[in-house]
Each structure stands twice: as structure tokens, then as C-alpha cells.
There are 4 protein chains.
Amino acid sequence: MIVSLRVDADPQAVKRELTALGLWIASVERGLGSGGVQFVVAPHSTGVDPAQVAQIEGVGSVSVPVPEHPQIDQQGPQVMVKGHAIGGPRPTFMCGPCSVESSEQIESIAARVAPLGVTFLRGGAFKPRSSPYNFQGHGDPALTWMREAATRHGLRVVTEVLSEHDVSAVAELADLIQIGSRNMQNFALLKRVGRAHKPVLLKRAMSATIEDWLLAAEYLLHHGASGVVLCERGIRGFDPSTRNLVDLTAVALLAHVHRLPVIVDPSHGTGRRDLILPLSKAALAAGAAGVMIETHDDPGKALSDGPQALRGDELQAVLTQLTEAAR
Amino acid sequence: MIVSLRVDADPQAVKRELTALGLWIASVERGLGSGGVQFVVAPHSTGVDPAQVAQIEGVGSVSVPVPEHPQIDQQGPQVMVKGHAIGGPRPTFMCGPCSVESSEQIESIAARVAPLGVTFLRGGAFKPRSSPYNFQGHGDPALTWMREAATRHGLRVVTEVLSEHDVSAVAELADLIQIGSRNMQNFALLKRVGRAHKPVLLKRAMSATIEDWLLAAEYLLHHGASGVVLCERGIRGFDPSTRNLVDLTAVALLAHVHRLPVIVDPSHGTGRRDLILPLSKAALAAGAAGVMIETHDDPGKALSDGPQALRGDELQAVLTQLTEAAR
Amino acid sequence: MIVSLRVDADPQAVKRELTALGLWIASVERGLGSGGVQFVVAPHSTGVDPAQVAQIEGVGSVSVPVPEHPQIDQQGPQVMVKGHAIGGPRPTFMCGPCSVESSEQIESIAARVAPLGVTFLRGGAFKPRSSPYNFQGHGDPALTWMREAATRHGLRVVTEVLSEHDVSAVAELADLIQIGSRNMQNFALLKRVGRAHKPVLLKRAMSATIEDWLLAAEYLLHHGASGVVLCERGIRGFDPSTRNLVDLTAVALLAHVHRLPVIVDPSHGTGRRDLILPLSKAALAAGAAGVMIETHDDPGKALSDGPQALRGDELQAVLTQLTEAAR
Amino acid sequence: MIVSLRVDADPQAVKRELTALGLWIASVERGLGSGGVQFVVAPHSTGVDPAQVAQIEGVGSVSVPVPEHPQIDQQGPQVMVKGHAIGGPRPTFMCGPCSVESSEQIESIAARVAPLGVTFLRGGAFKPRSSPYNFQGHGDPALTWMREAATRHGLRVVTEVLSEHDVSAVAELADLIQIGSRNMQNFALLKRVGRAHKPVLLKRAMSATIEDWLLAAEYLLHHGASGVVLCERGIRGFDPSTRNLVDLTAVALLAHVHRLPVIVDPSHGTGRRDLILPLSKAALAAGAAGVMIETHDDPGKALSDGPQALRGDELQAVLTQLTEAAR
């Protein structure tokens with residue numbers, strides 16, 4: 001926001017009024033020649049009605065940013081996925097293994113998580129792995145195994161798509177299509193997924209600004225997605241003590257100011273089981289619409305990300321506590 | 001942790017066992033010549049008893065890091081300050097203005113916050129300001145004003161010291177001495193403050209790793225501080241949408257794994273009033289021992305950081321909700 | 001690297017020897033029970049022959065990391081592209097517009113840059129744009145325009161591919177296929193591009209570690225790429241004074257230690273024309289194999305990234321100075 | 001800079017003209033009611049005379065930021081230290097050990113470096129160490145040893161001060177007073193050092209923005225320093241492959257746009273000997289006024305930072321090449 005003062009205004013007095021409203025002055029600028037003072041208001045300032053600012057004594061005019069992502073700005077805080085409202089009154093739980101490893105594995109996990117209040121079965125059929133030598137997912141068969149297990153247990157399916165070629169298969173079998181953090185700005189994929197006209201879970205890239213993230217959501221909506229749910233899974237930090245840095249400041253901002261649904265993934269965010277409960281509670285307290293948690297019947301045999309996967313009893317304890325805290 | 005395998009071990013089998021325990025392999029190393037395999041376990045892995053690792057089939061030996069900061073490691077989760085346990089069963093609230101501006105101002109705020117369950121009055125007598133042209137605090141007189149107001153209302157005092165020369169004055173009047181984020185590695189100050197034999201609130205530097213932070217705490221304890229409470233106030237991020245990035249992953253790690261008391265400062269952390277409630281709730285959910293929140297009777301007239309200061313009614317609403325959530 | 005000491009060794013003496021070789025001790029670990037001391041050597045330490053370390057008095061054994069990306073490790077510092085050696089004795093210049101806007105535009109630029117020692121014509125036919133509402137490139141026709149202009153003037157073509165569907169068209173017309181920073185971990189694209197069996201220019205993602213980057217290169221080689229040239233284009237920083245942060249420490253490391261060819265893109269790296277010359281000189285001094293610089297006949301009419309594009313006379317001055325400095 | 005358009009202006013046409021000048025539009029804002037368009041120009045844009053912008057067809061008025069640090073803005077690119085111009089036509093070399101360990105050690109090093117074109121002897125008498133258990137420097141005696149060695153060999157002295165109490169001693173014996181990165185925003189120290197009326201070498205804090213850094217320099221000048229030389233020593237990065245990240249983009253910006261003298265410290269910046277030569281060359285090419293390089297007669301016996309210290313022959317080779325490159 002730019003606040004332009006009248007030439008006869010008292011800049012200190014105007015600054016006091018802006019401060020009282022919670023606005024930070026990012027820079028003070030002075031017009032060339034006999035021009036007056038202009039304040040650029042910091043983007044991290046609180047939400048205030050510009051019309052109210054315009055009425056401050058001494059303010060000549062107020063300009064506001066032209067919207068860059070109008071569709072996501074107007075989406076609202078709820079996204080419906082097969083009758084379930086993500087962003088509704090109760091938190092959404094998305095649980096399952098990192099990778100779908102077999103028909104039996106996913107059936108067993110679906111059967112286990114369904115009674116715990118979980119509404120989405122998660123699991124990777126196509127896996128983005130940093131190394132070409134690691135397990136890359138079972139692909140199409142895994143999609144089918146997961147769909148069948150989910151249907152048997154009344155669960156919805158959320159799963160990641162990596163390749164443009166797989167979008168139609170994933171769109172057919174998944175209820176919510178996941179875009180992974182490494183593909184947040186894979187615009188060819190965003191366009192193709194948008195054209196599937198389904199709801200999408202968009203993970204934040206490792207160092208995406210909130211603006212980048214919202215623009216990626218705009219791509220999806222512009223190309224036809226029926227809704228976008230954001231997913232914070234930890235950003236790149238500088239501290240080796242934690243695997244990633246779960247940015248709950250961004251979650252609070254998106255939930256309370258932008259009023260958009262955000263799911264938090266503490267499994268990838270922290271990489272360690274013993275922090276999943278406190279960070280899940282913190283995520284919901286910050287305004288998250290739900291959490292995505294990895295679970296495995298035998299983490300030691302998981303084909304990917306075993307160390308962060310909760311065992312069945314651990315998951316049950318976590319979900320019980322989250323459900324109680326959300327009451 | 002280094003896990004050395006016996007020469008005849010099956011590395012995949014050992015890896016499965018480590019994974020089942022929640023441990024990540026940071027690197028796989030192979031001995032020169034006919035040496036066996038060694039795994040370096042990532043520092044962000046979960047806490048596991050090394051003796052348990054040593055008993056895994058195929059493991060020859062296990063080494064663990066030599067402690068670098070033994071005193072803070074053994075401090076424990078509670079620090080007593082004049083009869084109040086920070087890190088005890090109930091969250092600690094530290095509230096007050098950014099700067100102590102006058103005897104009347106601090107008296108008025110102390111009177112207002114005392115009935116709300118606040119146990120510490122905060123306020124700056126000496127202010128670290130990025131620009132030499134900004135208000136630098138009222139200094140010694142402000143210390144006295146704050147001490148008197150606190151005493152009248154049964155509050156404890158926490159306030160920052162910037163200069164070695166002011167340590168004795170601050171130590172005499174404050175109950176908890178604050179080291180600001182810009183001085184976290186001002187070792188001359190840490191030594192001098194340690195020698196005051198008082199409890200200290202140590203704010204994290206803008207880009208300090210957790211290891212840096214614990215070593216700074218170690219300086220304080222080594223030189224005589226009676227206890228160290230850590231304070232997360234937002235780290236340097238890359239996103240202009242938020243002023244800083246409140247690192248609740250670090251808070252959860254310190255609270256649940258290191259078992260140390262951490263206060264979170266959402267006022268500096270976010271810079272915006274409308275996020276203070278959700279981030280305070282999230283901080284407590286993540287394991288914080290309390291929160292530090294700025295308040296001002298008239299934020300527009302604050303001599304520093306007005307935009308982030310809650311008005312009286314706003315603070316009351318926030319503390320009521322935090323108290324309820326903590327029950 | 002892990003250095004295991006004999007039980008009777010003097011750890012301080014061994015540490016002195018390691019230090020003398022330029023090695024940093026990342027952590028000191030002690031074996032459970034009566035175990036000896038082990039040092040984990042920091043990954044940022046200098047290159048040293050492990051056999052030399054093994055002969056230090058008191059060292060029992062030395063382990064070295066198992067290679068994670070053997071193919072890129074063995075590629076070597078030169079990549080041949082249609083008879084031109086990137087990483088050869090003279091720096092490689094890649095110049096052209098951000099976007100290929102018309103047949104006439106690219107012809108005019110090709111004619112202008114060819115006499116300046118430029119060997120690659122760069123230009124985008126498919127453009128990754130943060131917003132869906134920005135110009136996305138002219139696509140296939142632009143590829144043809146660029147190929148024809150390049151051929152007429154004896155230039156090679158480097159251009160980005162965004163979609164798996166466009167790989168065959170790009171592979172047919174380009175000499176060097178560019179993967180943009182937003183797609184560095186778009187593994188579906190990496191696999192598809194690898195299968196084109198051509199040399200690839202792989203830009204670093206905004207917050208990729210060097211390890212991530214090398215693993216992405218490994219994907220390309222593993223799937224068939226004939227060579228990989230790395231391209232540093234600025235990483236995500238925290239300072240709004242510069243658009244990105246050109247990481248010449250990484251360039252020096254890759255060039256001198258990993259011995260791989262790295263091109264630096266100061267146009268995207270800095271976003272400002274007046275820093276392109278000093279950063280180009282610095283890049284070559286740090287060990288870069290060449291630079292990629294944007295140019296436009298009329299930057300005000302560029303369809304993308306005009307502010308950073310050098311005008312013809314500016315480019316000529318820059319290349320003249322770089323050529324002289326490289327002598 | 002804010003560019004306000006006339007109500008009848010064509011925003012696209014104005015944008016083209018701004019782009020042609022190298023200016024980036026950070027945000028497009030529109031006045032409430034019938035107000036016109038305003039462009040906020042990004043701070044990382046190129047330097048342009050605002051009067052030129054004001055003359056663009058359609059521009060109504062132009063505002064420029066009110067200077068926040070007028071004294072450092074006007075200092076200029078050269079700082080004289082005892083007759084030597086840092087920022088003059090030839091690069092300045094500052095060499096010596098990390099810590100001053102004995103009278104003999106510093107004498108030997110001074111004798112060795114003086115003939116190599118080095119003008120400043122560097123060395124720590126007071127050492128900022130992350131751990132309280134590490135060597136903290138020999139203090140006052142080390143100052144004297146260094147002063148005497150420097151004088152005998154016609155060298156100037158640069159050394160760090162950590163405590164307000166030591167400022168007068170350091171100011172008496174050093175020619176250039178160093179503020180370390182951990183104290184860049186230790187405002188009590190900045191004020192005290194300023195009052196010594198000497199030239200100061202101000203190292204950048206690990207995550208300081210350029211604006212923070214310039215404001216710290218302003219503190220020094222405002223309180224009386226006779227000149228400020230900036231020193232880039234590597235910022236906090238996210239990649240464990242390098243110890244820090246030497247930010248040569250910042251160096252180029254400060255040298256070429258702000259026109260201030262910057263020294264680069266590749267020893268701390270990289271932590272490894274084999275990158276000191278390429279990064280020193282790159283630093284000078286980017287516009288640095290000189291480099292600060294650690295050297296030790298026997299790095300294995302250094303009391304601090306031995307792995308990064310060049311041996312005598314290595315330093316000689318580096319300085320010879322830098323001198324040749326600078327011709």
C-alpha cells in the first residue's frame with residue numbers, strides 16, 4: 001500500500017495513526033521538487049481497510065496493489081473433496097504410508113486408519129526421489145491398490161503425480177491430486193493437472209515465498225482445478241538439527257489473513273517421530289485445516305522415509321490427542 | 001552417532017533396524033582396505049538409547065558425540081525466578097511495552113496486566129535499534145520506573161541489557177536478565193552477565209543454529225548464571241510477507257528432546273497483531289514454556305515497535321484464550 | 001570421512017595432524033564402553049587422500065563415503081557440444097534474449113552476437129513464468145526461428161524445455177538442452193531429457209544443496225544424457241537489495257574440487273545490468289567455464305526480463321573485457 | 001522509488017520506458033476511487049537518475065527514499081589508514097594468524113608476509129569463540145606483541161575488539177579496529193568504538209541485510225569513527241558443502257553502486273585452503289578493495305582455525321597470483 005500525504009500534512013502525525021492501525025512503514029519517500037511525503041506500507045503489516053487509511057488527517061490518497069492472483073484470493077477457506085470439507089469445522093487427517101508397497105500393505109493400513117477419524121488415505125505410487133538409484137514407486141498398479149483399499153474403508157485418496165503422462169490415471173483414481181514440493185513451479189504439470197478439473201493439494205517448494213505459492217495455486221485454478229488446498233511440508237533452513245523447518249508463521253498468515261485451507265505435513269517437516277505430536281498440535285493451533293502423517297506397519301521395512309513413519313499404536317495416540325485438542 | 005558394522009554384517013539388515021528405531025543414515029562410509037561399513041546417523045534423528053543400537057545384530061560398535069555444552073544439557077526444563085517456575089505446569093506470560101517510556105506509562109501497564117495472569121513485566125530501558133537516529137531507551141531511570149511498578153503489582157521484571165557497563169544496574173533491578181538476539185554471541189556481555197549469578201533469558205540470534213544457541217547458554221552457565229531460559233523470537237527468512245519466521249520446530253525440539261524451557265515472542269516474530277493469538281497458541285502447543293507479548297496503551301504513540309503492540313483489550317482477549325487452551 | 005583412532009592414541013596429536021592437512025573435525029565421538037575416539041570430518045574440508053590420513057600416527061582406520069552419484073563424479077571438466085568444449089581453455093559465452101519474440105528479433109541478435117566470440121545463442125521458446133497471466137513463450141515456431149538464426153551465424157543453440165511433451169522437439173533443434181531452476185528436481189522431465197542422449201545445461205534450483213544438484217545431474221546421465229553442464233543462476237537469499245544471490249563459493253567448489261563445468265548466469269543472478277560485468281569477471285575468476293548473458297535490441301520492448309537485458313553496445317563492452325581478462 | 005502516473009497515462013508505455021532504463025516494477029498499485037496507477041520500483045533495480053524518470057511521458061511525479069544512513073552514503077570508496085588508501089588503485093592484503101599465539105610467532109609471520117606486498121598484519125588478541133571451553137586469546141600482551149612486530153616490519157595492525165573495556169587498549173595499538181561478525185549489531189560496542197575516532201573494519205553479521213550493515217556503519221560514523229571499511233566473511237547458507245557462503249553479489253553492489261570499500265575474507269568464508277585463491281581472485285574481480293587471508297607457520301599447531309590457514313609457501317603463491325591479476 002502507498003500512502004501519499006498532502007503537502008501540508010505532518011508526517012509524524014500520520015505515522016502515528018498508521019502505527020495505531022498496526023501498519024509498518026517500509027520506506028519513507030519524498031517527491032522530487034516540491035513533492036510531498038509518501039509512505040510505502042510493509043507487506044507484512046496487518047490487514048486494514050484502505051478506506052480507513054484514506055480518512056486519516058493529512059492523507060491525500062491511498063493506493064493498493066493490483067491483485068496478482070485473483071482466483072485463489074477469492075477461493076475461500078473450504079475446499080470440498082467428495083463431500084468432505086477441507087477447512088471445515090473439524091481438522092482433516094490424511095494418513096498412510098510414504099510409498100504404496102503392495103496391495104496387502106495398503107489394505108492393512110487403510111483398515112487400521114479408517115476407524116481413527118482419518119478421511120484421506122495417502123500414499124505414493126510415483127515417488128520423487130533425490131537419487132535415481134532409489135525406489136521410484138510401483139506406479140499404476142499402486143494407484144489401483146490404493147483406490148480399492150480406500151473405497152473398501154470409506155476413505156478418500158490423495159496421491160502425488162510427477163509426470164504429465166500420469167495425470168489422467170491419477171485424476172481418475174484419486175480424489176485429491178497432490179503436487180509435490182519439487183514440482184510446485186513445474187508449470188507444465190500445473191497446467192495439465194488444472195485441466196483435470198479436480199481439487200489439488202499443492203505442496204510448497206523448499207524456498208517458495210508465499211507469493212510464489214499463491215501464483216502456483218493461481219495456475220491450477222486458471223487452468224481448471226476445482227479447488228486448491230495448500231500444504232506446508234517444511235522449508236529449507238540452515239540448521240542441521242532439524243531436517244526441514246516447518247513454517248507455521250506462513251500457515252497462520254494463510255489461514256487467518258488469506259483465509260485459505262492449509263494442511264501441514266509434520267512427517268516430512270521434521271523427519272522425526274517424536275516431534276510429530278507437538279508439531280501437529282501446533283499446526284492446528286496456528287490455523288491449519290488438517291495434518292498429513294505417514295504411518296507404516298513396519299517402519300524398518302518401508303521402501304522410503306521409514307524413520308519418520310509412525311507405527312500403528314503411535315498414530316492412534318497422536319490422532320486421539322489431536323481430536324481431543326480440537327474439541 | 002557412528003554405527004560401525006562388523007565385517008560380516010548385512011548392511012541392509014542393520015539399516016532396517018536403525019530405520020525401525022527412527023534413525024536416519026546421513027552417510028554410508030566404507031573403510032579403506034578391507035574395512036567394514038560405518039553409518040553416520042543424522043543429528044536430526046530421534047532420540048534413541050545408543051546401548052540399544054549396539055545390540056542390533058551385525059553392529060560392532062557405536063560411538064556417540066562428546067558433549068559440547070554439558071551444563072546446559074543438564075540444566076533441566078525448569079528455571080526458578082523469584083519463586084516462579086518457568087517451565088512449570090502453567091505457561092508463563094511476560095507482557096509490557098517495547099520501551100519503558102515514563103513512570104506513568106509503565107505503572108499503568110503493570111496495573112493492567114497483573115490481573116490477567118501475567119507474572120513478568122517486560123519493557124526496554126536500553127533499546128537495540130538498527131539505526132543510530134532512533135530512540136535508544138531512557139536507560140537507568142526507566143529501570144527504576146519498571147522495578148517500582150512491578151513491585152507494586154506483584155510482578156517480576158525481565159529487561160534487556162546491552163552494555164557491559166549496565167550489567168550491574170540491570171542485575172540489581174531485574175529478576176530475569178534478557179540478552180537480545182543481536183547480542184547472543186556477544187561473548188564479552190555473556191561473560192559479564194554470567195558473573196551476575198542471576199537467571200537469564202537468552203534470545204536466539206537471527207540465524208543461530210540450535211548448537212550456537214546452546215553454546216551461548218553454556219557461556220552464561222559457565223560464568224555463573226543461575227539458569228538460562230531460551231527465547232525464540234523469529235529467525236531470518238526469505239519471505240517479505242512475514243517480518244521474521246517463528247521457528248516452532250526448534251521450540252519443539254528444545255522442549256521435547258533437549259528438555260529446556262523456551263519462551264516464544266510472537267510480537268517480534270510476526271510483527272503483526274492479528275497473528276499473535278494463533279502463533280501464541282501454536283507456541284504453547286509445540287511445547288513452549290510461555291510467551292512474551294508486547295502491549296501498549298496507545299500503540300500509535302509508542303516510541304518503538306508500535307504496530308505490533310496489542311492494546312489492553314486485545315491482550316486480555318489473547319491471554320484469556322491462552323489460559324483456557326492451556327487448561 | 002570417519003577417522004577412527006587406536007585406543008592408545010593421543011586424540012590431540014591426531015587432531016593436529018588432521019588440521020595440518022586442512023581437515024575440520026565436525027564431531028568428536030567416543031565409543032560406548034571402552035571404545036576409542038572417532039572423528040567425523042566435515043564435508044566442507046579440503047580434498048585429501050584418505051590413504052595419507054590412514055598413515056597418521058594413532059589412526060586405526062579411515063572410512064570414506066560411498067559415492068552417491070558415480071557418473072557425474074567421473075564425467076570430468078569438459079563437455080563437448082557440437083565440436084565446442086565447454087570447460088575448455090577459453091570461456092564459453094551464451095548470449096541472446098530472454099524470450100525468442102520473432103524470427104526477425106532472433107536473427108538480428110544472432111547476427112550481432114556472433115562476431116563477439118559468442119558460441120551459443122540462448123533464448124526461450126517455452127518460458128517458465130511465476131504468473132499464469134504472463135507471456136509463456138511462442139513455443140515450437142520460436143524453436144525453428146532460433147535454430148535457423150543460429151545456423152546462419154555459426155552459433156549453437158541452448159534453450160529450455162519445460163514439458164515432457166516438448167522434449168523431442170527441443171532435442172531435435174537445440175544443441176544443448178536447458179533444464180530451468182524450477183525443474184531441477186522435476187524427475188519425470190530429467191528422465192525424459194536424459195533419454196534424448198544430448199548434452200544438458202542443468203540450472204540449480206533456488207535452494208538446492210550441491211548434493212541435490214549433483215544427484216539431479218546423475219539422473220540425467222543415468223538416463224542417457226551425453227554430458228551435463230551445471231549452471232548457477234543465483235540462489236534464494238534474504239536480502240531484498242539483490243534479486244538473487246550468485247553463489248560463487250559453490251562455483252569454485254564445483255570447478256576446483258569436483259572438476260565439473262559450471263556456467264554462471266549473472267543476468268538472472270543479479271537482475272541488474274550494472275553488476276553483470278563485475279559478476280561475470282568474478283565468475284570466471286572463481287573457475288566458471290563461461291557465462292550466460294541476456295541481451296535485447298530494445299530492452300523496453302522485451303516480453304520478459306527486460307530490465308536485466310544488456311543492449312548491444314553494453315554486451316559488446318562486457319564481452320570485450322571478459323575476453324581480455326581471460327587471456 | 002515510487003513512480004506516480006498521470007491519470008491519463010498509458011501504464012504499459014510507462015512500464016516500457018522504466019524497463020528500458022533497467023528498472024523492475026516491484027508492485028503495481030492503483031489509487032482508491034478515481035486515483036491513477038503507481039509503480040513501486042524494486043530496491044534491487046539499477047541506479048538511475050530520478051529526474052530522468054520524472055521526464056518519461058505519462059509520469060506525474062517521482063518520489064525517492066529518504067536517506068537512512070547519510071554519513072556512510074557520503075563516505076566514498078577510499079578510507080585512509082596511516083597513509084595507506086584502502087580502496088585505492090591497488091588491492092590491500094591483510095594477512096596473519098587467526099590468533100596471536102606468542103611474540104615469536106607473530107614476529108616470524110610479520111617478517112614473512114611483509115615482503116609479499118601485505119600492508120596489514122592481522123591477528124586476534126581477543127577471540128570470539130562459539131564455545132566457552134575454547135582458547136579465548138592472549139589479550140593485552142598479544143596486542144603488544146603484534147604492534148611491535150608490525151612496526152618492525154612496516155606493517156599496519158588490524159585486530160578485533162570484543163569488549164567495551166578493551167576499546168581504548170585496542171585503539172591505542174591498532175591502526176584499524178575490527179568489529180567481528182557476531183558483534184555487528186552490538187550497538188554498545190559500536191558506540192564505544194566510534195568514540196575512539198579511528199578507522200574501523202566492520203564485518204558483516206551472518207544474516208545481515210545490506211541495509212542492516214550500512215546502518216551499523218552509520219552508528220560508527222555517527223559516534224566518531226574516522227572511516228568504515230566493510231568486510232564480507234561469508235553469510236549463513238543452507239549447504240553443508242561449504243562452511244559459509246561468500247556473498248560476492250553484495251560485494252559488487254557495495255563496490256560499484258554504493259561505492260564503498262569492501263574487504264573479503266575467504267579464509268572464514270570458505271574454511272578451506274584450496275578455495276582461497278579462486279575466491280580471492282573472484283573477490284577482486286567483483287570489486288573488492290582487498291582480501292584478508294589467514295596464514296600460520298604450522299597450521300597443525302594453530303590455537304584456532306588451523307585448517308583454513310595457509311602455510312607460508314601457499315600464501316606467497318596466492319599473493320603472487322593476485323598481484324599479477326590485479327595489474
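The shown structure was predicted, so the numbers you read here are calculated from the model rather than taken from an experiment.

1. Thoughts on the interface of chain D and chain A
No. 1: In this assembly, 22 residues from chain D lie in contact with 22 residues from chain A.
No. 2: A buried area of about 1800 Å², summed over both sides, lies between chain D and chain A, and 58% of it is on carbon and sulfur atoms.
No. 3: Area buried by chain D at its contact with chain A is led by D:I2, D:E29 and D:L32, which between them contribute 29% of it.
No. 4: Our enumeration of links across chain D and chain A arrives at 0 salt bridges.
No. 5: The tally of links from chain D across to chain A stands at 14 residue pairs in polar contact (both at pLDDT 80 or more).
No. 6: When contributions to the side of chain D that touches chain A are tallied by element, the ones reaching two or more residues are strand 1 (2-5), strand 2 (25-31), strand 3 (37-41), helix 2 (50-54) and strand 4 (59-65) of chain D.

2. As for the relation of the copies chain B and chain A
No. 1: For the pair chain B and chain A, the relating rotation is 180 degrees, the translation along its axis is 0.0 Å, and the fit reaches an RMSD of 0.0 Å. Taken together, the rotation and translation describe the operation of a two-fold axis. Across chain B, the rotation axis passes nearest the C-alpha of B:A282, at a separation of 2.0 Å.
No. 2: Of the interface residues in chain B, 100% have counterparts in chain A that sit at the interface too, so the contact is made through matching surfaces.

3. Digging into the pattern of salt bridges
No. 1: Using the criterion set out here, one finds 60 salt bridges over all chains in the structure.
No. 2: Among the charged side chains, a salt-bridge network with shared partners connects A:R204, A:E232, A:D247 and B:D239.

4. A few points about the relation of the copies chain D and chain A
No. 1: For the match of chain D to chain A, the screw axis carries a shift of 0.0 Å, the RMSD comes to 0.0 Å, and the turn is 180 degrees.
No. 2: Looking at chain D, 100% of its interface residues are interface residues in chain A too, so the copies touch through the same face.

5. A short note on the domain arrangement of chain A
No. 1: Partitioning chain A into structural domains gives domain 1 (2-63) and domain 2 (70-326).
No. 2: When each unit is reduced to the centre of its C-alpha atoms, the spacing between domain 1 of chain A and domain 2 of chain A is 42 Å.

6. Overview of the packing of aromatic side chains
No. 1: Summed over all chains, the structure comprises 4 aromatic pairs over all chains.
No. 2: Ring plane angle 20 degrees and centroid distance 4.5 Å describe the contact between C:F187 and C:Y219, whose orientation is recorded as stacked. Taken together, the residues C:F187 in helix 7 (residues 187-194) and C:Y219 in helix 8 (residues 210-222) connect sequence positions 32 residues apart.
No. 3: For C:F187, a relative accessible area of 3% translates into the label buried.
No. 4: Cation over ring: A:R243 sits above B:W24, and NZ or CZ is 3.9 Å from the ring centre.

7. Observations regarding the environment of C:R195
Residues and elements named next belong to chain C.
No. 1: Of note, R195 is situated in the loop between helix 7 and strand 11 (199-203).
No. 2: A relative accessible area of 47% places R195 in the partly exposed class.
No. 3: For the pair R195 and L221, spaced 26 residues apart in the sequence, the C-alpha separation amounts to 9.0 Å.

8. A short note on the nonpolar core
No. 1: Judged by nonpolar contacts, the single largest core of 150 residues is most densely connected at A:L202 and B:L202.
No. 2: In terms of nonpolar packing, the next biggest core, distinct from the first, is built from 149 residues, C:L277, C:V291, D:L248 and D:L260 among them.

9. Looking at helix 1 (residues 11-20) of chain A
All names here are of chain A.
No. 1: The set of residues buried in helix 1 consists of V14, L18 and T19. Angular distribution of buried residues about the axis of helix 1 spans 140 degrees; they occupy a single face of the element.
No. 2: Sitting at the head of helix 1, D10 places a side-chain oxygen 3.0 Å from the backbone nitrogen of Q12.
No. 3: After helix 1 finishes, the residue G22 shows a positive phi value of roughly 95 degrees.

10. Regarding the sheet that holds strand 8 (residues 120-122) of chain C
Residue and element names in this part refer to chain C.
No. 1: A barrel is described by the order of its strands in space; here 8 strands give the closed sequence 7-8-9-10-11-12-13-14, paired in parallel fashion. Strand-to-strand, the axes of this sheet are offset by a mean angle of 25 degrees, without reference to chain direction.
No. 2: Two elements, strand 8 and strand 9 (residues 156-160), share 3 bridges in a ladder whose sense is parallel. Looking across to strand 9, one finds that L121 is bridged to V157.
No. 3: Against the sheet, helix 4 (residues 103-113) makes contact with strand 7 (92-96) and strand 8, and its axis sits at roughly 145 degrees relative to strand 8, the strand it touches most.
No. 4: Docked against the sheet, helix 5 (residues 140-152) engages strand 8 and strand 9, running at close to 160 degrees with respect to strand 9.

Rules and cut-offs
Residues numbered from 1 in each chain as written. Chains lettered and ligands numbered in written order. Predicted model: local features only at pLDDT ≥ 70, side-chain atom pairs only at ≥ 80, totals over all residues. Heavy atoms only, no water. Contact = heavy atoms within 4.5 Å. Buried area = accessible area lost by both parts, 1.4 Å probe. Salt bridge = Lys/Arg side-chain N within 4 Å of Asp/Glu carboxyl O. Polar contact = N/O pair within 3.5 Å; in protein donor to acceptor, adjacent residues only side chain to side chain. Helix = DSSP H or I, 4+ residues; strand = E, 2+ residues; numbered from the N terminus. Least-squares fit on C-alpha atoms with pLDDT ≥ 70 in both. Domains from an automatic or database assignment. Phe/Tyr/Trp six-rings, centres within 6.5 Å; stacked < 30°, edge-to-face > 60°. Buried < 20%, exposed > 50% of the residue type's maximum accessible area, 1.4 Å probe, protein only. Lys NZ or Arg CZ within 6 Å of the ring centre and 35° of its normal. Core = buried A, V, L, I, M, F, W, Y, C linked by side-chain atoms within 4.5 Å. Arc of directions from axis to C-beta. Pairing = 2+ DSSP bridges. Axes fitted to C-alpha atoms, helices over the stretch in contact; angles between N-to-C directions.

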